[in-house]
Every structure is written in structure tokens, then in C-alpha cells.
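Tertiary structure, described
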Amino acid sequence: MAGTDFATTVPAAAGKLGMTQSAVSQALSRLRLTLKDEVFVRCGNGMRPSNYAVQIYPEIRLALSTIRAVVGSKEFFDPDSSERNFKLAMGDYGEHLLLPELLHVFAGYSGALTVQNQPNTDPAVIARLEQARLDLLFDVRRPVSVSIESCELVTEELVVICREDHPRLGGFLSVEQFLGERHVVLAIGEGSHTLLERIPGMQLIENRRIAASVNQYVAIPRLVEATDAIATLPRRMADYFMEREAIRILPFPFPGAIFDVFMAWHRSFNGDPAHTWLRDSVRDLAKRL
């Protein structure tokens, strides 16, 4: 009815709808049965809408406009009007370096975009990602699943931090010194895994003397500054803390001190304009970290 815009003949209606005349006649018959009304009545060489059709047409047109708006929203995303809540899983690294910049991007739009973050070490996080209950996961390990896509977001370098006036360490750190000093380590998850264990080829936990295990990056520099202990951090985190604490940065003494941080999402989000906008925004931010 709305598609024909009350065309006065079946051939004219068929032309407007891109259908055959036979298909239009059949659709009109089904519409008459559904509405229990003639809908269109013959008038001379054409047709005119029935009184009932004229009466209900404004409401039908409004309903179809709403449907078109909902279906059409898949084709674009407007951050100035959206109230989308994005569910992320990132650790301290992302919360310190990426999340503030992402919220700054959100603040540049007049919509009500929000973020809900959860730890990326939660044992159930991969299951949530595979169920599309999570928008993005950030981790040093690339998830392996047929339903998950991922990309390299940033490449990081491991460094060692120590107090600014450490009594034994100069500008160079040997393997012997690294293993001889006591360490503050970031414990990951409910077990005893540390950041180094999550990075391929960096399983050094058995050879280090542990002074303290903490579950947040923010605790590490204060402990390092207050003691002779050292800690291993990603370069960007070390730079962030060096601006705020009396610490200094030393090169990591082992080879292979480079690792990637990955961004992962469920494949079903590939056609979601809002999700595409989010991924593009994160990639742009990561280039500037």
C-alpha cells in the first residue's frame, strides 16, 4: 500500500514496486484478506483507495518509517546521537594508556557513548568474546577461535625500572644483575602467572627472586621507588610512571624483549557500523601512543 503510494492502476503499482503485475495482484489479494477490506476499489479505468485504506494509511506510513530507520541504522553510525555502551576487556595497560584517550574521543561527540570495562584476565573473558557479549578484548596473546578476529594493535618493548638512586645499578643491567635483584611482579589472574609468562618466550619466573606480587600496575612504581627492588614493565607504562615517580628505566637484559598487543572481537561485529567506528577509533589512538 505504502510502496505504491496509492498508484491508480496495477501496471503503475507494479512499476513503482519493481514487481510483475501478477505479483502485485497476488499481494493485493493477501492484503485484502488480512485487512478484511477491499483496500482498493475499481473506479473507471483505474482504482482508488477505500475509505478504510485512507484512514489507516498515515499510521502505516509512520510505522514503516520507523522500521526503515531501524534497518537503515545498520548502514551508518552517528556518535552524536548514539547511546551505545561498549563492553571492553583490558588490563591496567589499556586503562592507563588507551582508555583515557578513548573517553576523550567520546567527549568530542554529543551522544551518550559509554564504556564498561572488565579485567582481561577473567577466566570467562574468552567465552564472553565467543558469545559476542564483549565488544573488544585487548591482550598480549592472540585468541585462537574460528568465531574471533583480531589484529595487532601496538608493538611493545620490555624495560626494567629501578629507584632513581639505586645503590647497585648503573645505566646497564646484566643478566646476572637482573636475576640477582629482587623483583616486584604483576600477578595475572587467580594463579601465580605474571606478565612475563603471558609473553611468548619470556618464561623467567622460576629464575627471579620475587619481593612482592601485585595485581595492578599502579602499585609497582611506588614499591620500586621505596625499595631496592626492580620490576619489568612495557616501555609505554614505564614512561608513564617515570613522569610521576622517582624511578629510572634500564634496558631489558634478555633478547626477544619485543611483544605485540592484540585487539580481538567476534566476527559477527564486522558488519556493525558502531563497532567498526570503535575499532577504527582505537586503531587511530594506538598509532599515537
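Cut-off values and rules
Residues numbered from 1 in each chain as written. Predicted model: local features only at pLDDT ≥ 70, side-chain atom pairs only at ≥ 80, totals over all residues. Heavy atoms only, no water. Phe/Tyr/Trp six-rings, centres within 6.5 Å; stacked < 30°, edge-to-face > 60°. Buried < 20%, exposed > 50% of the residue type's maximum accessible area, 1.4 Å probe, protein only. Helix = DSSP H or I, 4+ residues; strand = E, 2+ residues; numbered from the N terminus. Polar contact = N/O pair within 3.5 Å; in protein donor to acceptor, adjacent residues only side chain to side chain. Contact = heavy atoms within 4.5 Å. Core = buried A, V, L, I, M, F, W, Y, C linked by side-chain atoms within 4.5 Å. Salt bridge = Lys/Arg side-chain N within 4 Å of Asp/Glu carboxyl O.

**Regarding the packing of aromatic side chains**
Using the criterion set out here, one finds eight aromatic pairs in the structure. Taken together, a centroid distance of 5.3 Å and an interplanar angle of 75 degrees make the contact between Tyr-240 and Phe-241 edge-to-face. Tyr-240 gets classed as partly exposed once you look at its relative accessible area, which sits at 23%. Using a relative accessible area of 4% as the deciding quantity, one classes Phe-241 as buried. Centre to centre, the rings of Phe-252 and Phe-254 are 5.7 Å apart; their planes meet at 45 degrees, and the pair counts as tilted. Overall, Phe-252 belongs to the buried group, its relative accessible area being 9%.

**Structural notes on the side chain of Asp-92**
Inspection of the secondary structure puts Asp-92 in helix 4 (residues 92–97). Side-chain polar atoms of Asp-92 contact the backbone nitrogen of Tyr-217, separated by 2.4 Å. Not counting residues up to four positions away in its chain, the partners in contact with Asp-92 are Asn-215, Gln-216, Tyr-217, Val-218 and Met-237.

**What to know about the nonpolar core**
In terms of nonpolar packing, the biggest core is built from 55 residues, with Ile-161, Ile-220, Leu-278 and Val-282 touching the most fellow members. Looking at which element gives the most residues to this core, the answer is strand 6 (residues 148–163), with eight residues. Discounting residues that sit within four places of it in the chain, Ile-220 has contacts with Ile-161, Val-184, Leu-186, Val-214, Ala-231 and Leu-233. With seven residues, the next largest nonpolar core counts Ala-89, Val-125, Leu-129 and Ala-264 among its residues.

**What to know about the pattern of salt bridges**
Using the criterion set out here, one finds 17 salt bridges in the structure. Its salt-bridge partner being Glu-181, residue Arg-168 comes within 2.8 Å of it at the nearest N-O pair. With Arg-168 in the loop between strand 6 and helix 7 (175–180) and Glu-181 in the loop between helix 7 and strand 7 (182–186), this residue pair connects regions lying 13 residues apart in the sequence. Since its relative accessible area comes to 8%, Glu-181 is described here as buried. The network of salt bridges with shared partners includes Arg-163, Asp-165, Arg-168, Glu-181 and Asp-228.

**Quick word on unusual backbone geometry**
Phi at Lys-36 is positive, roughly 55 degrees, even though this residue is not glycine. Secondary-structure assignment places Lys-36 in the loop between helix 2 (21–35) and strand 1 (40–43). A residue is classified by how much of its surface remains accessible, and Lys-36, at 74% relative accessible area, is exposed. In the Ramachandran plot, Ala-132 falls in the positive-phi region, its phi being about 60 degrees despite a non-glycine side chain. Position of Ala-132 relative to the elements: it lies in the loop between helix 6 (125–130) and strand 5 (136–139). We classify Ala-132 as partly exposed; its relative accessible area is 27%.

Just distances and angles here, no functional claims.
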